[in-house]
Every structure is written in structure tokens, then in C-alpha cells.
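Below are the chains, spelled out letter by letter.
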Amino acid sequence: MSIVCTDILSIAFPDSFISSEVYGQGVLGQYAADEGLVVLNIYPVDRPLLHRVETGQIENYRIFCSKVYGKLTWLEEKTLDLDGHAALLMTAEGVYGYVYLFAFIRLTDTICLFAGGYCPQEAPQDHLQAMEAAVRSLRILTSEPGRVMAQHLAALEQQTAEQEEAKQQEQALREQSASAAVDEAQVPVFEMPADGKNLLLIDGEAFDISDQSKTSIPLYGNQGMCFCADIVAAPCRTLDLPPILDREGDGNVCIRFGASGIYQASGVPQGEFVFETEDDRDTTRHATLEHTGFRPSLKIAGRLTLQEGWLGFNGYFDDGYYHCRRNIYLLWKLPEASLCWERYLFRSMEELLRAPPELPRRLSLVDQPSVRLSDALWRYTRLESLYISYLESAEQEEGVEAIPEGIVQLTQLQRLEFNTARHLQEIPSFLGQLHELDDLRISGSQAVTVPVEVLTLPKLSYCALCRNRLTSLPEAFSPALRTLDLSGNQLETVPEAYATEPRLGLDLEKNPLVFLHEAFFEMPRLRIEPDKRRALFPAHYPFDARVPDRLASDPAGRLPLLAEHSPLRKPLLAALLPNEAVAPLVHAVAGTLRASVDFYHGAEEDYATLGHHRLGGLPDLPDGISYPSVGVSEDTLLDYEDYWREDEEGDEVCIFPWDGATQTYQVPLEFIAQLDCQALAPLQDYLPRTGTLFFFLACGSSPLTTQGRVLYVEDRASLGSGQRFADLAFNEEKTLGQKPAFILHPRASVAVPSFYALGENPHLDVQLRAGMTPEQEQDWQTLASRGEHWDALPRLGGTTCYAWQLRQLGAWGLQPGSQPSGAQRDWLIEKEILPVDCASDALVPEYQGIARVNGCGFSQHALPELQAAHQYGGDAQDWLVLFQVDLAGQFQWDDGTLNFIIHRDDLAARRFDRVFMVCDY
């Protein structure tokens, strides 16, 4: 038996525990079983939600454990007496083959000891008994848990700093080694195998390559040839720890290569690529390297060679988590006979001219002078896709001034694009002879008109003529046309005929529009700026008065908050009609919809612009306004050693300022977001028409301790750069302004309430029944009596994405209704944002942004608006979600959706100091 002591506890580990160690004021014991490790970890925790062991707190304990160990299925709960200290012991099964043991021992109102143990799921009973025996031996040694807790945190921080320093040193050595490896004299990457068999070695150990592995030339995408090796992995235990395989996987791993510029006249691909960047991409040669199924911490690098009918890769996996490297060596015989070069994407004229005229189908040329578009190109009459692009960043002295008429010889052409063709003077009418063309894109040219022969091509379904100088359009267009992008031109109006096709997606943004026929207002896929929509269709926007000036017919001031007049409301309701269960209730549902504004990720903030929409970072508060803070008592801060520093005389002083009036230290709040009300004015009718709103949060580890604050600054001219707060201390992690901030892009939207917990939200039930006929209400009550009423209403509204997906969409500049590229479309399908069988020109569907104004909260029980009404009184319908934001990965408290709730009368009177906070999970 091994007895381990710290300042806070002593514990006797049974003999089966072969190792035990102290870290901070916690202890860790473990031993190896046949199926894996058995681990018991005990340490102090300063979390208000964990300070009690009564039955009512069990759910809080479960939430805490699930955040640490993932999804759990609970098995048993019991109470132990540990030398006068009550402890709650719980066991659970996890989803990754482990059984868990948890124990909570209260020390003070805010500090408890937490024990977390796990063992393999196969025959766990003996392991659970050993862990429970260790817990039962636990004794509390300290009478000052607060001080010991502070010592624990300090020790952990020092240990983390030492580990980080060691990690940086090792990283520097690895980078030097990698650089030296790349700079080595050129030597053959591989030797042809004498037996002619495929081979994969990882650290000298052979892996079997699946028969499903293949080399192919894809029909879509920007790669020439793709190689996908699906590998049946050897069992992890045959490799020295740490394993390279993902513990959560099924043992199957995959390595993918993509390469272009490899075509030879012989039909045998040839080329060499070096991958040494973290993103595994050779951008200059359009080559990619990806891997799945291995540990997420692994980065892959090395040299890819295509030679004499073989693919060879000689490289390594670099594991930043375990600080180790594993060599990888791959040989793969290319199936030359089955390579479909007709699908190959040629990327230069030199490469194209090596191919016979009847072979190429796809050609992509970048920054080609006009002389290169010669007769030599037109003899490749079986081309189906021709992409000619000029980089916006390039100093282009010559380019295509006129599209050569020889292009009409490409009679099989289906896709034609001239991207950023600055010198192109016109769109020629002879393009109308390309009768197979279904995708035409010409951008950045000097063209002022588009010939009717072009827009009436019989198969033309997608046409993007953006960033040209178009001033007029023909009256006629192809009946096959489904998307017409005219953004960034000089159009003042558009013929009414374009409004007669409801299936047409028409983008008119960034045009000096002065008139559009009213029929355009009903187009579900019309894209124009909100302020222009409002100016062009004023009759459809009757609520231009300030919110405080209530209409006699709307004394509660609710109408501007509802989606009665939102142009997005009609297509949303139309989408519900095919659902037989919902169709009779469409008008009832319509009465619950809110006219909201969604915010989508943009670029990372550089603080060059004051007062615009911003998520995270630092606020542009006026110089005369101090950074908002919350008062914290000295006794509370004494438990946090990092909040104290020695002054010149050697005395301990707090890093936060002292407020003599309140006798507290002022701890800064966390900045959440700022919104430019003037920029939002065209999108809604309920926020102030000018000024800036700032949202802040003070929180502990639980929604029970959440405090929020909203500041409103009317004078935009008084704002100052948030960078003046960059050195302000926030907490022991110093997170204030350290995480990336993002510019936000607003978009008018429709918010749909959650009907999940309809039975616990009577105000929502009242709203629904207000839109029903007496017969429908009777049927509704019958469903309710059987507990089936919420099943009649499926989840409505746009797709919900994870925060990291929203950031990726923002990095691509994609919003609902935008056109993704081929690779982006594949990603959207993979993430189930687009359906697998969507059309090739499918637009990004409606999806919820990272934040929203006048949204609808979600809860498994009472909705946030109802919670506010319960606490402060009034009708739940008179409370609204002023601002909500997904916290994941961006803020100190990074779980759930934060809701700032305000009463509509307070909103009208600009009393933003009366907000109520709710966090939805």
C-alpha cells in the first residue's frame, strides 16, 4: 500500500497501483491492466456549483463530469463518510470503452475535492473496487482549504510554464531538423521494389493497405490526380506508446494526395512535391496532402514523387502533443491503364500541348497574356471547361482585350470563365453559338452590355457577370437560367421580366439602383442591400416611426418585433406547406416568428475602424468611459494568488483597483460584442437608430453566477480605439483581448421559436392558438392531451452550425444564398449543411449566424423570455432576446448560447441597465 500526502489530503493507494505522484496539491495514481490503464486523479476544485452534496446538486455534478469526460451513462450513486466529511460517489459508462468513478467531497462553500477515475469497460468491477478503496482511505489534512487551493493553482501554473518552455525548445529542434532534411542533397525518395508489391511502413512496422485504396482523376475540384490509401491498421498495442492511431477510431486510417501538373505524353504521371507546411499544402504546384483516422495532434510532412508508374512518399508524422516523430514510407503502384485522363485538369499551355487534341476536357490558365489564346488552343475541340483567370494582386500589363472568335470552335464547352479580366472590353455576341454552355462567368471587365444572344443560350443555368460595368440588360433571358449574379455593376434598374421567374436567384448588390418594379419584392432569391430594399419598396415597410411612438392598434409595441412584414417570412412558410402535419398550422406558426438580424463571421479584427460590429476582443468605448467592472470582495480574491503582486516595499498588492465607496476590488468584465445601431437601422425597427451598443459579461463556472451589462453610447464621434485596454488584467489567464476578435456582418433574418418544450412555455402555446381556427384549436387540444402537440411541429428555421464551422464559412466569405466553390460545396455536403444530392449550382442554405438580435432562446424547459417574466414580472411576450451569441471557443465561459434579455418598454426607453442574463445549453 502506498500512502501519498499533500497539504490538503492523504490517501492510501492499494498495492495494485504501481505508480503515484503529486502534482500541485493533487495526486495521481495508476496501474496497467490487460485492456488499458486504470487511473485515479484527485485534486481541489474551486467551483460554486460543486459545493454541496445534497440530492438537488447531483445534476450539477453530472454536468461537470460530462464536460470533463464526454457523454456518460450513469450507473450508481451513493454517499460515503470520509472521517466526518460527506462524499458523493458516482459511477458511469463512457462512449469510448471506459467506465468512470467520480467522488465529490465538500470542504467549504466554494471548494471541494474532486476524484475522477477511469478503467477499461471489460470486467471493470475489480478496478472500481480498487479505486473506491483508495477514495475511502482519503483524509482531509488542512483547516485552510482556500490557501491550499491558491497554492495548488500556483503550482499548476508553474508546471504548465515549464512544460510550455520545454515544448517550445523541442519545437525549435524539430523545425531545425525538418529544415535540414528538406535542404539535403537530392537523393531518390524510394527505390523500385524488387517484388513489385505495394508497401507502407510506419516506424519500420508494416501496415496492410486495403483493396479499396485507389488512384483516380476526379471529375470536379482543382486537383489533377488524387490518390487515396485506405489502410487497415495493425493493432495499436503492437506499436510503442504513444500510439499514432486515434483512440476513438475504428483502426482504419487514410492518407490522401492530390497533384496537378503531372501529365506526360506517355500517359505515365511524373512530378515531385515537398510538403513542409503545417496545412499540408503545396500551393505553388496545386498539391495537397491529407490524413484521417490518425491522432488529431499529428502533422504530416515529407516528399511525394511520381516516377516510372509508382507513387512514393517518404516523410514523417510529427506529434506535437507527445513530442515525438514517426517515419512513414509508402510505395504504391499506379494503375496506369485505369487512369481517366479525360477528367484531368490541365493547368498550363505547355502541359496541354503534350496531349493529343481529342483527350483534354478541362483547362485552367492563370495570368495568361492574350497571345497565348491562339489557334493552338482552339484545336482542342473536346474541351468542356475553360477557366482563364487574372490574379487581382498581379501587376497585369497585358491580358485578354477581346475574346477570340476562335472560341466558337469549342462546341462542347459547358463551362466558361474569364475571371478579373481587366482589359476585356466587351462580351461578344458570338458566345451565343456555344449552345452547350450552362455555366458562364465573366468578372472584372470593362463590358457595359451583355448581348441577348448570350443570356438566351438554351442550356444556360448559371451566369455570373459581377464586377463589370454593365448599365443595361436585355429583356429576354434563357428559360433554363436559375442564378444570375449582377453584383458590382452600374445598373440603375432591371427589366420587370426578370421578376416573373420565381426560381431565379438574382443578385443586384453594389449597383446604383434607383427603381425596381414592385414585383421584385416578392422574389424569394433577390439579393440587394437592406437599405436599398427599404428605399425601393417603401410601401412594404409601414413601421418607420420610432418604437416609443406606439400605434393605437399596437399598444404593446410588439409588431416591429414580429416578422409580419419580413420578405423572408413568405418563403419560410411556403417551405412548411408540403408537410401535411404542419400545413394546417402555417398561419398559427407565422404569428410566432420574429424579425431578427443574424450576424456572420468576417475577417479577424485589426481595430482600423471604430464602432463597427465586432465579436470579442476589445471595445471602442469613448475615452471618458472607464472599462466596466464588477466589485469583488478582498476575501474572495485572497484565494487567487495570481491576482496579487509584490510592490516596491515587498507588500502584496492586488492587481485590480480598489473602490473605497463599495469596499471592493474592481474586476473587469469580459467584452462580448459591440453593434453599430445606425448600420442596423435599415434591417429592423426596434433598436435605437443611431449610436453603439456594447455587451459585457461577468461569469464564474455556472449560469447561476452570470452577470451581464449593456452600455449604450449615442455619440459615435466620441468613440475611441479599444486597443487602449490591451494591457488591462482580466483574470489569472489574462484573456482580456487576447483571443482573436472578428468583424461581424449583419443580415436580416427570421427567428423561429423552439417548440421543443412547448408544454412548459404557455405563452408560446397562447401565441400559436391565436392563429388557429376553432376547429384547429380543438384538434390542437386533443394532441396536447395525448402529449403529442410538440411532435406536430418539427424544428423550423435555418440550419444550425457549430462555431468552428461558422468561422470557416466566414473565412470563405459565405453567407446564406451565396454560391460556394466546388471545394466549398464538397465541404458543405460533408458537414451536412447541403444535401448530398444537391445541384452543382446549389446556394448556401439559410443558416443561423454566430450571434443574433431579437432571436429566440432555446431551452429544454422555460424559455429565456419566460424566465425573465418569472423573475421580474409581466408577460413573457413583452420580453425579448436583445442579443444572443454562441460562446463556443471564443470566450472565458465557452459553452452554450448567451442571451441578453430586455423588456420591450426598457428597450424603447433605452434603459439598457435592466438586462437579464440566461445561458442556453
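Residues numbered from 1 in each chain as written. Predicted model: local features only at pLDDT ≥ 70, side-chain atom pairs only at ≥ 80, totals over all residues. Heavy atoms only, no water.

Secondary structure assignment for the protein chain yields 17 helices and 46 strands. Within the protein chain, the fraction of its 921 residues that count as buried is 50%. For the protein chain, the proportion of contacts with a sequence separation of at least 24, taken over those separated by at least 6, is 57%. Accessible surface computed for the protein chain: about 42800 Å², of which carbon and sulfur atoms make up 49%. (Helix = DSSP H or I, 4+ residues; strand = E, 2+ residues; numbered from the N terminus. Buried < 20%, exposed > 50% of the residue type's maximum accessible area, 1.4 Å probe, protein only. Contact = heavy atoms within 4.5 Å. Areas by Shrake-Rupley, 256 points an atom, 1.4 Å probe, with all protein chains shown as cover.)

Residues other than glycine seldom take positive phi values, yet threonine 420 does so here, at roughly 55 degrees. The exposure class of threonine 420 is buried, given its relative accessible area of 5%. In this model, arginine 467 sits at a positive phi of 60 degrees, which is unusual for a non-glycine residue. Relative to the assigned elements, arginine 467 resides in the loop between strand E28 (462-464) and strand E29 (483-485).

A separate point is a negative patch on the surface. Negative charge collects at one region of the surface, where Glu646, Glu648, Glu649, Asp651 and Glu652 lie side by side. Structurally, the position occupied by glutamate 652 is in strand E36 (residues 652-654). (Patch = residues over 30% accessible without salt bridge, like charges linked within 9 Å, V, L, I, M, F, W, Y side chains within 5 Å. Salt bridge = Lys/Arg side-chain N within 4 Å of Asp/Glu carboxyl O. Lys, Arg positive; Asp, Glu negative; His and termini not counted. Charge placed at Lys NZ, Arg CZ, Asp CG, Glu CD.)

Another aspect to go through is the side chain of glutamine 666. As for its placement among the helices and strands, glutamine 666 is situated in strand E38 (residues 664-668). A polar atom in the side chain of glutamine 666 sits 3.0 Å from the side chain of threonine 664. Not counting the four nearest positions on each side in its chain, glutamine 666 is found in contact with Ser629, Val630, Gly631, Phe656, Pro657 and Asp659. (Polar contact = N/O pair within 3.5 Å; in protein donor to acceptor, adjacent residues only side chain to side chain.)

Before going further, it helps to examine helix H2 (residues 125-136). The terminal C-alpha atoms of H2 lie 16 Å apart, and with twelve residues this matches the ideal 16 Å at 1.5 Å per residue to within 8%. Those residues of H2 not exposed but buried are His127, Leu128, Ala130, Met131, Glu132, Ala134 and Val135. (Expected span 1.5 Å × (residues − 1).)

Applying the stated criterion across every chain, the model contains 21 salt bridges. Arginine 303 is the partner of glutamate 272 in a salt bridge, and the nearest nitrogen-oxygen pair spans 3.3 Å. Here arginine 303 lies in strand E20 (residues 298-307) and glutamate 272 lies in strand E17 (residues 271-275), a separation of 31 residues in the sequence. You can call glutamate 272 partly exposed: its relative accessible area is 34%.

Time to look at the state of the cysteines. Throughout the structure, instances matching the rule amount to zero disulfides. With no disulfide partner, cysteine 112 has as its closest neighbouring cysteine sulfur the one in cysteine 65, 9.9 Å distant. (Disulfide = S-S within 2.5 Å.)

The full count for this structure, using the stated rule, is 27 aromatic pairs. With a centroid separation of 5.6 Å and an interplanar angle of 55 degrees, the aromatic rings of phenylalanine 671 and phenylalanine 696 are classed as tilted. Taken together, the residues phenylalanine 671 in strand E39 (residues 670-676) and phenylalanine 696 in strand E40 (residues 692-698) connect sequence positions 25 residues apart. The burial state of phenylalanine 671 is the same as that of phenylalanine 696; both residues are buried. (Phe/Tyr/Trp six-rings, centres within 6.5 Å; stacked < 30°, edge-to-face > 60°.)

To continue, consider the environment of leucine 484. Position of leucine 484 relative to the elements: it lies in strand E29. Separated by 23 residues in sequence, leucine 484 and serine 461 have C-alpha atoms that sit 8.5 Å apart. Those residues in contact with leucine 484 that sit more than four places away from it in its chain are Leu455, Cys463, Tyr498, Leu504, Gly505, Leu506 and Asp507.

With respect to the element layout, proline 124 can be found in the loop between strand E9 (111-120) and H2. Here the alpha-carbon distance between proline 124 and valine 38, two residues 86 residues apart in the chain, equals 9.7 Å.

This part is about the pairing of strand E11 (residues 199-202). Note on strand geometry: in a regular strand, side chains alternate between the two faces of the sheet. Side chains Leu200 and Ile202 of E11 all project onto a buried face; the interleaved residues Leu199 and Leu201 project onto a face where none is buried. Here E11 folds back onto strand E12 (residues 205-206), and the loop between the two strands holds two residues, one of which, aspartate 203, carries a positive phi near 55 degrees. (Pairing = 2+ DSSP bridges.)

Within the element layout of this structure, serine 629 appears in strand E34 (residues 629-632). Look at serine 629 and you get buried, because its relative accessible area is 17%. Of the polar contacts made by the side chain of serine 629, one reaches the side chain of glutamine 666; its length is 2.9 Å. Non-local contacts of serine 629, meaning those with residues more than four positions away in its chain, are made with Gln666, Val667, Pro668, Leu669 and Arg709.

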